[in-house]
Amino acid sequence: MILAKIAWRSIWRNPRRSWVLISAVAIGVFTFVGVVAYIDGLSVQLIRTAIELRGGHIQISGTGYFENPALRTRITGMTEVAQILDNFDGLRFAAQQRASGMISSAEQSAGITVVGVDPAQEEYVSPIPTLMVEGEWLSGDAEAGEVIMGTALAERLGVLLGERVVLMVSDLAGDVSAGAYRIRGLFTSNSTEYDKRHVLMHESAMDALTGFPPNAASTFAIILDADQDIRQVSAALRGALSEKNVEVLTWLDRSPMLVMMDEMMNLTNVILVVILFTAIGFTLINSFIMVIFERIREIGIMAAGGVRPGQVRLLLFLEASFVVLLGAGVGIVLSAGVLGWWSAVGLDLSAFAEGLSRFGAGTVIRPYVNIGRMASGFALIFVMAFLAVLYPAIKASRFKIVDAMNHA
């Protein structure tokens, strides 16, 4: 307690030097928090897009469908699978039929994925119904002959809302099947790649186009509640569906690049702290070397009075800790203010819109604070501060008492 009081008073002997050190730490913390929050915010958007547009938290499909998404690799007994899923609390799910094909207008053609959905059920697992920018979401009328597509695909084809397009797919028999459909609505998501390559239609119309048998589906998309553990739920589903010829894949299984990106973030976290606080560490070393040479006689008197070398080292560590804590506090307050503003207005990166949307990120990035990653970063900051003060502290504890007391 006495050493803590001495350390606190010591850092204010030279307020200017102390505030320079505190400011350096604050700037480092502010930079660290801002960069990590930005990268985590971008990562969250990419993961959200992967979940919402590409199969949900968990996807159930016929065995081998993920490796070879063919019409023949389908889930039979769709109703039985749905009944099993109903027994799990907190699951929202919807069946989908998928087929690769071509879409043609009077001007252009493009390769696409046709997705057959139940319009009512799809609203529980997909954001597309809420992303309509023109027209409306699919109606419940399977005979209406309507489709939904992304604005990017409509622009590529040169078509407008209400116009007709022709879809061609290879059906279950291997023959080419085609039909003309009216564009009921246009949507825009975070991913231009998705918008350019997907057309949605009523599941019954899809069955008629592809020859899909009744009570069959390509996949089930499943969305979990926020408090559910994806690994536990997927393991339970695998057990419950073990007698079905299906595979249960989480978004982690389907998006290995995103998993690798998250692992790279942990490494980036360490590298960023090391780069930022190496420079700050040298500043701490220089400052505390100056401190001990200014206080050689004082340290000698303390040693003569019975203060042990370990207590001298502890005194300097406490001084460094107070400086780092004050700097971190100032940095956190500044970061909280900026992150609060940033969360409200977002960071507009529309100049890079095309590049970002290719990867499934929106043009407005909002920060995300990953508590675990921030905590590990701050722990590393204190470790580096400890290492920076280690040499001056050891040097101060090794002064000879007589020489130190006689130092002018």
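Residues numbered from 1 in each chain as written. Predicted model: local features only at pLDDT ≥ 70, side-chain atom pairs only at ≥ 80, totals over all residues. Heavy atoms only, no water.

1. Observations concerning the overall build of the chain
Along its length, the chain carries 15 helices and 14 strands. For the chain, whose C-alpha radius of gyration is 31 Å, the value lies well above the compact-globule estimate of 22 Å for 408 residues. Considered along the principal axes of its C-alpha atoms, the chain spans approximately 100 × 45 × 30 Å. Split into buried and exposed, the 408 residues of the chain put 47% on the buried side. Sequence separation of 24 or more characterises 78% of the internal contacts of the chain that already satisfy a separation of 6 or more. Taken as a whole, the chain presents about 20000 Å² of accessible surface, with 60% of it coming from carbon and sulfur. Looking at the chain, you have 31 positive and 37 negative side-chain charges, and the mean spots of the two groups are 19 Å apart. (Helix = DSSP H or I, 4+ residues; strand = E, 2+ residues; numbered from the N terminus. Rg over C-alpha atoms; globule rule 2.2 N^0.38 Å. Buried < 20%, exposed > 50% of the residue type's maximum accessible area, 1.4 Å probe, protein only. Contact = heavy atoms within 4.5 Å. Areas by Shrake-Rupley, 256 points an atom, 1.4 Å probe, with all protein chains shown as cover. Lys, Arg positive; Asp, Glu negative; His and termini not counted. Charge placed at Lys NZ, Arg CZ, Asp CG, Glu CD.)

2. Structural notes on the domain arrangement of the chain
For the chain, the assigned domains are domain 1 (2–50 + 258–406) and domain 2 (55–254). The C-alpha centroid of domain 2 is placed 49 Å from the C-alpha centroid of domain 1. (Domains from an automatic or database assignment.)

3. Digging into a nonpolar patch on the surface
A cluster of nonpolar side chains, namely W19, F30, V330, L334, V338, W341 and V345, defines an oily patch on the protein surface of about 660 Å² accessible area. Broken down by secondary-structure element, the contributors of at least two residues to the nonpolar patch are α2 (15–53) and α12 (309–345). For the nonpolar patch, the element with the most residues is α12, which contributes 5 residues. Within the fold, V338 resides in helix α12. (Patch = residues over 30% accessible without salt bridge, like charges linked within 9 Å, V, L, I, M, F, W, Y side chains within 5 Å. Salt bridge = Lys/Arg side-chain N within 4 Å of Asp/Glu carboxyl O.)

4. As for the pairing of strand β3 (residues 91–104)
Burial analysis of β3 places 11 of its 14 residues in the buried class, which makes it a mostly covered element. Direction of pairing for β3 relative to strand β4 (residues 109–117): antiparallel, over a ladder of 9 bridges. Bridging from a neighbouring strand, M102 pairs with G111 of β4. Adjacent in sequence and paired antiparallel, β3 and β4 are bridged by 4 residues. Pairing of β3 with strand β7 (residues 164–170), which is carried by 4 bridges, proceeds in the antiparallel orientation. (Pairing = 2+ DSSP bridges.)

5. Some thoughts on the pairing of strand β8 (residues 176–187)
Pairing of strand β5 (residues 132–135) with β8, which is carried by 3 bridges, proceeds in the antiparallel orientation. What sits directly across from E134, in β8, is L186. As paired elements, strand β6 (residues 146–150) and β8 share 5 bridges and run parallel to each other. By the bridge assignment for β8, M149 is matched with L186.

6. Here we look at helix α11 (residues 296–304)
Taken as a whole, α11 has its buried residues at I296, I299, G300 and M302. For α11, the angular spread of the buried residues around the axis is 160°, confining them to a single face. Following α11 by one or two positions, G306 adopts a phi angle in the positive range, close to 105°. (Arc of directions from axis to C-beta.)

7. Some remarks on the nonpolar core
Most often, soluble globular proteins keep nonpolar side chains buried together rather than apart. The biggest cluster of nonpolar side chains holds 36 residues, and the ones touching the most others in it are V29 and F277. For this core, the secondary structure elements donating two or more residues are α2, α10 (256–294), α12 and α14 (371–397). Non-local contacts of F277, meaning those with residues more than four positions away in its chain, are made with V25, G28, V29, I381 and M384. Counting residues in each nonpolar core, the second largest holds 31 residues, with I51, A94, A217 and F220 among its members. (Core = buried A, V, L, I, M, F, W, Y, C linked by side-chain atoms within 4.5 Å.)

8. Focus: the side chain of S18
Take S18: it is sitting in helix α2. Owing to a relative accessible area of 7%, S18 belongs among the buried residues under this scheme. Those residues in contact with S18, other than ones at most four positions away along the chain, are I11 and W12.

9. Here's the deal with helix α8 (residues 230–240)
Looking only at α8, the buried set comprises I230, V233, S234 and L237. Buried residues in α8, looked at end-on, bunch into an arc of 95°, giving them a common side. In this structure, α8 carries R231 and Q232 as exposed residues pointing more than 90 degrees from its buried face. Those residues of α8 that are buried lie in contact with β1 (58–62), α3 (78–86), β3, β11 (219–224), β12 (246–250) and α9 (251–254). Residue D229 occupies the N-cap position of α8, its side-chain oxygen lying 3.0 Å from the main-chain nitrogen of R231. (Polar contact = N/O pair within 3.5 Å; in protein donor to acceptor, adjacent residues only side chain to side chain.)

10. So, the packing of aromatic side chains
The tally for this structure, following the rule as stated, stands at 8 aromatic pairs. Here the aromatic rings of Y38 and W342 are separated by 6.2 Å at their centres, their planes lie at 15°, and the arrangement is stacked. With Y38 in helix α2 and W342 in helix α12, this pair connects stretches of sequence that are 304 residues apart. Since its relative accessible area comes to 25%, Y38 is described here as partly exposed. With a centroid separation of 6.2 Å and 55° between ring planes, the pair formed by F93 and F220 is classed as tilted. Linking F93 in strand β3 with F220 in strand β11, this pair joins segments that are 127 residues apart in sequence. For F93, a relative accessible area of 13% puts it in the buried group. (Phe/Tyr/Trp six-rings, centres within 6.5 Å; stacked < 30°, edge-to-face > 60°.)

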